[in-house]
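# What the coordinates show
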Amino acid sequence: MQYRTLGRSGLQVSVVGLGSWLTFGHRVKGKAVRAIVDRALSSGVVLIDTADVYMEGRAEEELGHALAGVARASYVLASKCFFPVGPGPNDRGLSRKHVFESIEGSLARLRTDYLDLYQCHRYDEHTPLEETARAMDDLCRQGKLLYWGVSDWTAEQIRAVTALCRERGYVAPISNQPPYSMYHRAIEAEVLPACSDCGMSNVVFSPLAQGVLTGKYLPGRTPPEGSRAADSRGGRFVERYRTEAHLAVAQELKGLAEGLGTSLAVLALAWCLRRPEVASVLVGATSVGQLEENLRASEFEIPADAAARIEELLRPLPVTP
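Below is a short write-up of the structure. Everything numeric in this text was worked out from a predicted model, so none of it was measured. (Residues numbered from 1 in each chain as written. Predicted model: local features only at pLDDT ≥ 70, side-chain atom pairs only at ≥ 80, totals over all residues. Heavy atoms only, no water.)

## Considering the overall build of the protein
In terms of helices and strands, the protein carries eleven helices and ten strands. Taking 2.2 N^0.38 as the reference for a compact globule, 321 residues should give roughly 20 Å; the C-alpha atoms of the protein span a radius of gyration of 19 Å, in line with that estimate. Judged by the C-alpha coordinates and their principal axes, the protein covers about 50 × 40 × 35 Å. In the protein, buried positions account for 56% of the 321 residues. When contacts within the protein are restricted to residue pairs at least 6 apart in sequence, those whose partners lie at least 24 apart make up 78%. Treating the 36 positive side-chain charges of the protein as one cloud and the 38 negative ones as another, the clouds have centres 2 Å apart. (Helix = DSSP H or I, 4+ residues; strand = E, 2+ residues; numbered from the N terminus. Rg over C-alpha atoms; globule rule 2.2 N^0.38 Å. Buried < 20%, exposed > 50% of the residue type's maximum accessible area, 1.4 Å probe, protein only. Contact = heavy atoms within 4.5 Å. Lys, Arg positive; Asp, Glu negative; His and termini not counted. Charge placed at Lys NZ, Arg CZ, Asp CG, Glu CD.)

The structure is reproduced here in structure tokens:
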């Protein structure tokens, strides 16, 4: 396993991190979660990411059970808040009230006294940025969290919060968690440069384009049984990448990967990691075997001629916003 520093901090994270969106508490439960977590940790994965909203808190609960008895200092635990977790007007957003109450819920479900990384799951247009930044700074000073970050914020928002924190002497965010893959490259133009300028790294989600960049979905065919596209809850997130054009290119990329002696999944993850602004790619494994395959990306480097061919194959595809 390889490691990279998260932003302008001393925190080291594994280049492949274990995510839990649409997996833990839904498609994967109980002993299966523990098996995946145990294999990840034994393979050198230290970054484990979740959120209070994932499966209405069940993802955090599953991780809390799976991590029971594991030395707390041996992993980097990350969660998030922003999306509604209840019916009340203050059960959402990034107000001081919701942030303070949300972290208490996450800590209880995860069975821990602190989070290594707490992330603002989206930008809150209805709360002053000063209020959110101050709340995160206070939680850092209280020891409830060690570092904080944002998720899917624009370049302008990232620059604004960094400037505010530096001006006020607050603890500044060290990471951003955006979607990024061969099929979703929107962050390359502005967000990655902004993060670099502000001393932040990116921990990217959906690096396999919801599974399309494994090559398992074929043009003109129905999704395989048990796949995310066939799942009533997760299927809607896959559709933007299941156009005939995307599926055809995925098969071309799969052939390229096989020629390099690897899988399309490994190639796609390694492609994201080619960017120095990306500290880690989050994988949402549903089995130990799937996780083990994804972990191979830590050691795989894409040859220059293959990288050029990838760009040729991706060029005709529409840009995903």
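## Section: the side chain of H121
Within the element layout of this structure, H121 appears in the loop between β6 (115–120) and α4 (129–142). Setting aside residues no more than four positions away along its own chain, H121 makes contact with A51, V53, Y54, K80, C81, F82, F83 and S151.

## Side note on the pattern of salt bridges
Taken as a whole, this structure holds 21 salt bridges when the rule is applied. The salt bridge involving E56 is made with R58; its shortest N-O contact spans 3.3 Å. Judged by its relative accessible area of 35%, R58 falls in the partly exposed class. One salt bridge connects E130 with R168, and the closest N-O pair in it is separated by 2.2 Å. Placement of E130 in helix α4 and of R168 in helix α5 (residues 155–168) is noted, with a sequence separation of 38 residues between them. The partly exposed category is assigned to E130, whose relative accessible area is 25%. Looking at R168, the relative accessible area reads 43%, which means it is partly exposed. (Salt bridge = Lys/Arg side-chain N within 4 Å of Asp/Glu carboxyl O.)

## Quick word on the side chain of S102
Tracing the sequence through the fold places S102 in helix α3 (residues 96–110). In this structure, S102 is in contact with D52, C81 and Y118, ignoring residues within four places of it in sequence.

## A word on the environment of A68
If you trace the backbone, A68 turns up in the loop between α2 (58–66) and β5 (76–81). Spatially, the C-alpha atom of A68 lies 7.6 Å from that of R111, the residues being 43 residues apart in sequence.

## Considerations on the packing of α4 against α5
Helix packing for two helices is described by the angle between their axes and how far apart those axes are. Orientation of α4 relative to α5, taken along the N-to-C sense of each, is 65°, at an axis distance of 10 Å. Crossing of α4 against α5: the hand is right-handed. Each of L129, E130 and A133 in α4 lies in contact with α5, whose residues at this interface are A160, V161, L164, C165 and R168. Tallied by class, residues from the contact of α4 with α5 come to six nonpolar, no polar and two charged. (Axes fitted to C-alpha atoms, helices over the stretch in contact; angles between N-to-C directions. Left-handed = near helix turned anticlockwise from the far one by under 90°. Nonpolar A, V, L, I, M, F, W, Y, C, P; charged D, E, K, R; others polar.)

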